[in-house]
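# Close look at the chain arrangement
What follows is each chain in one-letter form.
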Amino acid sequence: TRLETSLPDGEAYNGVVTQSHRQIVAMRELRDFNFDGVIILPKKIVTGFRDGEFEECTNAIVRESGEIRKAKSPRWLDSCSSIKAVLHSLHARNIWPAVESLFADGTETALYLGPIVETGEQSFKFHCYDAAGKWEQVYELAYAAICRIEIDSLYTNAFNSYMKRKP
C-alpha cells in the first residue's frame, strides 16, 4: 500500500499497514523490496492510499522473496491510539525515534533524532542531535505538530547506536 500525505513536500510512504487506530496508522515501510523501519503517521495527514497494479507486483515480489515474514511492528503499538500514546511508550521503553514536526503554519517540516527526555500532557521534550553527529539542545515539541515518527529503520538504528557512544 502507498499512503499519500498532506505534508509540504508531498511525501508518500510504501509498505504494509500493521496497525490502524482512530487517530494514527502504523506501517512497516518498504524500500527496494525490503522492510526498513516502522512509520507512525497521524491519520489527519493521510490524504489517500494507492493499492493498484504497482503495489500488487511489489507484494508478489515481497512474498516470493520471503521478506513478507518481516512485516511486523512491535506489539506494544497495538495499545497506542494516538501520537501522544506512541511517544509516551517510546519514552518508557527508552527507544530513540526520528520525529518529524510541522512548523511555519504547516508549510515546513523539521526532523529530530534522539532520546525523549520528558513527556507531558500537550508536549514532550527531546534531546536532539544534528546530521553532523553533534548534540543540540533539548527541544519541546507539541504532540499536535508531529507528522511522522520513525523507529527501527537502518538509518535510526545506526545513527542512534553511534550517538549513544558519544559523550
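A brief report on the enclosed structure follows.

We describe a pair of aromatic rings using the distance from one ring centre to the other and the angle between the two ring planes. This structure, assessed with the given rule, holds seven aromatic pairs. When the centroid spacing of 5.9 Å and the interplanar angle of 80° are considered together, the rings of Trp-96 and Trp-135 count as edge-to-face. Residue Trp-96 is found in the loop between helix H2 (83-93) and strand E6 (98-103), and its partner Trp-135 is found in strand E10 (residues 135-142); the two are separated by 39 residues along the sequence. The exposure class assigned to Trp-96 is buried, which follows from its relative accessible area of 12%. Among the residues examined, Trp-135 registers a relative accessible area of 26% and is labelled partly exposed. Centroid distance Tyr-155 to Phe-159: 5.8 Å. Interplanar angle 90°. Geometry classified as edge-to-face. Taken together, the positions of Tyr-155 and Phe-159, both in helix H3 (residues 154-164) and four residues apart, correspond to about one turn of that helix. Owing to a relative accessible area of 43%, Tyr-155 belongs among the partly exposed residues under this scheme. Among the residues examined, Phe-159 registers a relative accessible area of 13% and is labelled buried. Above the face of the Trp-96 ring, Lys-164 is positioned so that its terminal group lies 4.9 Å from the ring centre.

It is worth spelling out unusual backbone geometry at this point. For residues other than glycine, phi is negative in most cases, and the peptide bonds are mostly trans. Even without glycine at this site, Asp-32 takes up a positive phi of about 50°. Along the chain, Asp-32 falls in the loop between strand E3 (24-31) and strand E4 (34-42). The class of Asp-32 is exposed, set by a relative accessible area of 71%. The backbone of Ala-104 sits at a positive phi, close to 55°, despite the residue not being glycine. Inspection of the secondary structure assignment puts Ala-104 in the loop between E6 and strand E7 (108-113). Accessibility expressed as a relative area gives 37% for Ala-104, which makes it partly exposed.

Rules used in this analysis
Residues numbered from 1 in each chain as written. Predicted model: local features only at pLDDT ≥ 70, side-chain atom pairs only at ≥ 80, totals over all residues. Heavy atoms only, no water. Phe/Tyr/Trp six-rings, centres within 6.5 Å; stacked < 30°, edge-to-face > 60°. Helix = DSSP H or I, 4+ residues; strand = E, 2+ residues; numbered from the N terminus. Buried < 20%, exposed > 50% of the residue type's maximum accessible area, 1.4 Å probe, protein only. Lys NZ or Arg CZ within 6 Å of the ring centre and 35° of its normal.

Function-wise, these values are silent; they only describe arrangement.
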